[in-house]
Amino acid sequence: MAKKKKGEEKDMGKVAIYPGSFDPITYGHIDIIERALEIFDKVIIAIAENAEKRSLFSVEERLQMVKIIFKDTPNAIADSFKGLLVDYVAKTNAKVILRGLRATSDFEYEFHMASMNRSLNTHLDTLFMMTSKDYFFVSSRTIKEVAKLGGGVEGLVPDLVARRLKEKFKLPITKKKQIVWDD
Ligand code: PNS
């Protein structure tokens, strides 16, 4: 076995890359990251810079939100990448791409992506984690749609994200509405 050079020790351990658009990050993503941190020593949240895809938040805005949300979790590292995911992964010492699966409808897209990534780099595996039942219906797309139309997204995204969504859609920052039922 090759002897480790000085300084290489800090990169040891199991690393997973959790790629995505994160436009914006939701509690569904956060749930996957927290559970992955029980398995991996480090999870790199890799925000894809995709010029083709119209995003609500800039990469810098998305990166900043993720960094703030995980500021007390040193093993969750926020980063961004351009180009092919496999090329980004090759620059790290990760062997695993992590993706969340909500429903069978996610499967086809994920299957294609994982198969393509594996054909591009046969040393890479994609690991799927089932989203917790509380967040099965949560996606960045529906969060944006609901927030744009003035619906409450509290409890589905961190408060910071809920505030940033309101700022984006120029909606008033209000306290969470609570419906109280009288008997
Ligand atoms: O959250 P998303 O939008 O479902 O994430 C998709 C993402 C960013 C993981 C995927 O589009 C991706 O890996 N993009 C980088 C470009 C790439 O490598 N494409 C080939 C994978 S099939």
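Residues numbered from 1 in each chain as written. Predicted model: local features only at pLDDT ≥ 70, side-chain atom pairs only at ≥ 80, totals over all residues.

Asks: Let's hear about the overall build of the chain: which residues, and what values?
Replies: For the chain, the helix and strand inventory stands at six helices and five strands. Scanning the chain from its N terminus toward the C terminus, one meets helices and strands in the order β-α-β-α-β-α-β-α-β-α-α. Expressed as a percentage of the 183 residues in the chain, the buried residues total 28%. Here the analysis covers contacts within the chain between residues at least 6 apart in sequence; of these, 74% occur between residues at least 24 apart. (Helix = DSSP H or I, 4+ residues; strand = E, 2+ residues; numbered from the N terminus. Buried ≥ 20, exposed ≤ 12 C-beta atoms within 10 Å, placed from the backbone. Contact = placed C-beta atoms within 7 Å.)

Asks: Hey, could you go over the site of the ligand for me, with residue numbers and the actual values?
Replies: What surrounds the ligand is the set P19, G20, S21, A48, L84, L85, M113, M116 and N117. In terms of residues, the shell around the ligand owes the most to one element, helix α4 (residues 104-120), which gives three residues. Looking at the shell around the ligand, its residues break down into six nonpolar, three polar and no charged. (Near = placed C-beta within 6 Å. Nonpolar A, V, L, I, M, F, W, Y, C, P; charged D, E, K, R; others polar.)

Asks: Could you give an account of the nonpolar core, naming the residues involved and the relevant values?
Replies: Residues I17, Y18, V43, I45 and V66 are the most contacted members of the largest nonpolar core, which totals 38 residues. In contact with V43, not counting residues within four places along its chain, are A16, Y18, I33, A36, L37, N75 and A76. (Core = buried A, V, L, I, M, F, W, Y, C linked by C-beta atoms within 7 Å.)

Asks: Summarise the sheet that holds strand β5 (residues 125-130); cite the residues concerned and give the values.
Replies: Judged by pairing direction, the sheet is parallel, and its five strands sit side by side in the order β3-β2-β1-β4-β5 without closing on themselves. Since the sheet does not close on itself, it has two edges, and those belong to β3 (76-82) and β5, each with one partner. On average, each strand axis in the sheet is tilted by 35° relative to the strand beside it, whichever way the strands run. Inspection of the sheet shows strand β1 (residues 15-20) paired to strand β4 (residues 96-101) by two bridges, in the parallel sense. For A16, the partnering residue across the bridge sits in β4 and is V96. (Pairing = 2+ DSSP bridges. Axes fitted to C-alpha atoms, helices over the stretch in contact; angles between N-to-C directions.)

Asks: Give me the confidence of the model for the chain: which residues, what numbers.
Replies: With 88% of its residues at a pLDDT of at least 70, the chain reaches an overall mean of 90. Predicted confidence for residues 4-10 stays below pLDDT 50, and this span has one contact to residues more than four positions away or in other chains. (pLDDT = per-residue confidence, 0-100.)

Asks: Can you break down the pairing of strand β2 (residues 42-49) residue by residue, with the values?
Replies: Side-chain direction in a regular strand flips from residue to residue, so the side chains alternate between the two faces of the sheet. Taking burial as the measure, the eight residues of β2 include six buried ones, the bulk of the element. Relative to β2, β1 runs parallel, the two being bridged by six bridges. Paired with Y18 across the two strands is I45, which belongs to β2. In the classification by handedness, the crossover that spans β1, the intervening helix α1 (residues 27-36) and the parallel β2 is right-handed. Sheet analysis places β2 next to β3, joined by seven bridges and oriented parallel. The residue of β3 that forms the bridge with A48 is F81. As a crossover connection, the stretch from β2 through helix α2 (residues 59-69) into β3 is right-handed. (Right-handed = clockwise from strand over helix to strand, strands pointing away.)

Asks: Tell me about α1, residues and numbers included.
Replies: Spacing of three or four residues puts side chains on the same side of an α-helix, whose turn is 3.6 residues. Most of α1 sits inside the fold, with seven of its 10 residues counted as buried. Every buried residue of α1 is accounted for by Y27, G28, H29, I30, I32, I33 and A36. Contacts from the buried residues of α1 go to β1, β2, α2, β3, β4 and β5.

Asks: Break down the environment of V15 for me, with residues and values.
Replies: Structurally, V15 is set in strand β1. Since 19 C-beta atoms lie within 10 Å of it, V15 is described here as partly exposed. Measuring from C-alpha to C-alpha, the distance between V15 and N75 comes to 9.5 Å, with 60 residues separating the pair along the chain. If sequence neighbours within four positions are ignored, V15 has contacts with F40, D41, K42, I44, T92, N93 and A94.

Asks: Could you give an account of the packing of α2 against helix α6 (residues 159-168), with specific residues and numbers?
Replies: A pair of packed helices is characterised by two quantities: the angle between their axes and the separation of those axes. Here α2 crosses α6 at 155°, and the two axes come no closer than 10 Å. The orientation of α2 relative to α6 falls into the category roughly antiparallel. Of the two elements, α2 crosses α6, and the hand of that crossing is right-handed. Between α2, through M65, I68 and I69, and α6, the contact on the second element is made entirely by L160, V161 and R164. Along the lines of polarity and charge, the residues of the contact of α2 with α6 split into five nonpolar, no polar and one charged. (Parallel < 35°, antiparallel > 145°, perpendicular 65-115°, else oblique. Left-handed = near helix turned anticlockwise from the far one by under 90°.)

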